[in-house]
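# An overview of the molecular structure
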Amino acid sequence: DLLRLIAQDETRHASLAWRIAKWAEERLSAEEQAELRALQQAELRRMACQLAREDAPITEAGLPGRDESLRLLTGFAKVVGLG
């Protein structure tokens with residue numbers, strides 16, 4: 001039950017963060033928005049490279065393995081319009 005409450009609270013935090021980011025992004029110029037997207041895409045590529053190099057993900061601790069992590073990152077990028 002405690003972990004469920006924590007997960008719900010973290011989900012609310014993430015939702016708020018995305019709403020704030022969308023609000024802020026709408027106030028950027030088209031050039032600034034393009035620069036932001038390029039930086040976001042570069043960070044996703046960096047994260048994918050880092051995940052691909054992981055030798056021994058700690059799956060015993062409940063973390064997803066390399067392939068699952070890359071799949072999740074790809075799905076995330078698509079959902080947020082960067083993939």
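Residues numbered from 1 in each chain as written. Predicted model: local features only at pLDDT ≥ 70, side-chain atom pairs only at ≥ 80, totals over all residues. Heavy atoms only, no water.

### Quick look at the layout of surface pockets
Under the convention used in this document: Of the grid points, spaced at 1 Å and generated over the protein atoms alone, those admitting a 1.4 Å probe that cannot get out make up cavities, while open sets with protein on both sides within 12 Å along at least five of seven lines make up pockets; any residue with an atom within 4 Å of a point is treated as lining. Grid points are joined across faces, edges and corners, and a volume is the space filled by probe spheres set on the points. Each helix is a run of DSSP H or I of at least 4 residues and each strand a run of E of at least 2, with the numbering of both proceeding from the N terminus. Think of it as three bins: nonpolar holds Ala, Val, Leu, Ile, Met, Phe, Trp, Tyr, Cys and Pro, charged holds Asp, Glu, Lys and Arg, and polar takes everything else, Gly as well.
Each pocket or cavity is described by its volume, and for the largest pocket that value is around 270 Å³. If you go around the largest pocket, you meet 14 residues; those closest to its centre are W18, E25, R37, Q40 and L82. Broken down by secondary-structure element, the contributors of at least two residues to the lining of the largest pocket are α1 (2-25) and α2 (30-53). It is α2 that contributes the most residues to the lining of the largest pocket, six residues altogether. Taken together, the residues of the lining of the largest pocket sort by class into eight nonpolar, one polar and five charged.

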